[in-house]
Every structure is written in C-alpha cells, then in structure tokens.
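# Notes for the structure review
In case you want the letters, here they are:
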Amino acid sequence: MTDDGDEEVPDIPVVCTACDTRTAVPFPEVEETVARHNERLHDGEAVAEVDPAVMDQLADFVAEDLGLLE
Ligand SMILES: [Zn+2]
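Reference entry: report on the structure contained in this document. (Residues numbered from 1 in each chain as written. Predicted model: local features only at pLDDT ≥ 70, side-chain atom pairs only at ≥ 80, totals over all residues.)

Along the protein chain, the regular secondary structure elements total two helices and three strands. The N-to-C order of helical and strand elements in the protein chain reads β-β-α-β-α. Put simply, the protein chain has 70 residues, and 9% of those count as buried. (Helix = DSSP H or I, 4+ residues; strand = E, 2+ residues; numbered from the N terminus. Buried ≥ 20, exposed ≤ 12 C-beta atoms within 10 Å, placed from the backbone.)

Listed below in structure tokens is the structure:
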C-alpha cells in the first residue's frame, strides 16, 4: 500500500485582512467558506481570500491536475 500523500490537498489558509483572521479550510470547502464569510461579515464584498502565497502553489497544483503544465 502506498501512502505518500501525493494526491492529497492540504488545508488551504484563508485570510481576512479586515477581521485579521487566518483559517485553514479543507480545499473542497474553500470557495463556500470565503463566500459565506464575506456575505455574513462584509456585505458580500470580497475581503476574505485564499492566502496569496498559497494561491501560487494551488495554481500549480490545479494546473498539474488539469495537465496544463508540460
Ligand atoms: Zn472578514
């Protein structure tokens, strides 16, 4: 059995500068969590977001997943 974790996506840090919070959210829930937070606390403004540093890695991951990298 292999268990190297290659296929696993780590929790994604979501930061909100207005609330000064940083929360780790499982990848499948990131979009909803961010949307809900902004809706509830910021009148729907896109204040909370995925940590930009992680966004880069995530883009790589997604690109790899979609086979966009050569
Ligand atoms: Zn907030």
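Following the structure, the description resumes.
Let us look at the nonpolar core. Among the nonpolar cores identified, the biggest contains five residues, and these are Ile 12, Val 14, Val 30, Val 34 and Ala 48. Once residues lying within four places of it in the same chain are set aside, the contact partners of Val 34 are Val 14, Ala 48 and Glu 49. (Core = buried A, V, L, I, M, F, W, Y, C linked by C-beta atoms within 7 Å. Contact = placed C-beta atoms within 7 Å.)

We now examine the environment of Val 47. With respect to the element layout, Val 47 can be found in the loop between helix 1 (30-42) and strand 3 (49-50). Note on Val 47: 16 C-beta atoms within 10 Å, which makes it partly exposed. Spatially, the C-alpha atoms of Val 47 and Val 15 are 8.7 Å apart, while their sequence positions differ by 32 residues. Dropping the residues within four chain positions of it, Val 47 is found in contact with Cys 16, Thr 17, Ala 18, Asn 38 and His 42.

Attention now moves to helix 2 (residues 52-66). When the terminal C-alpha atoms of helix 2 are compared, their 21 Å separation across 15 residues agrees well with the 21 Å that a helix rising 1.5 Å per residue should span. The element helix 2 is largely exposed, with a buried count of zero among its 15 residues. Once helix 2 finishes, Gly 67 follows within two positions and takes phi at roughly 75°, a positive value. (Expected span 1.5 Å × (residues − 1).)

This part takes up helix 1. Across its 13 residues, helix 1 extends 17 Å between first and last C-alpha, which sits within 8% of the 18 Å expected from 1.5 Å per residue. All of the buried residues in helix 1 are Val 30, Val 34 and His 37. Seen from one end, helix 1 has its buried residues packed into an arc of 65°, which puts them on one side. Seen from the buried face of helix 1, the exposed residues on the opposite side, beyond 90 degrees, are Glu 31, Glu 32, Arg 36, Glu 39 and Arg 40. Buried residues along helix 1 sit against strand 1 (12-16), strand 2 (21-25) and strand 3. (Arc of directions from axis to C-beta.)

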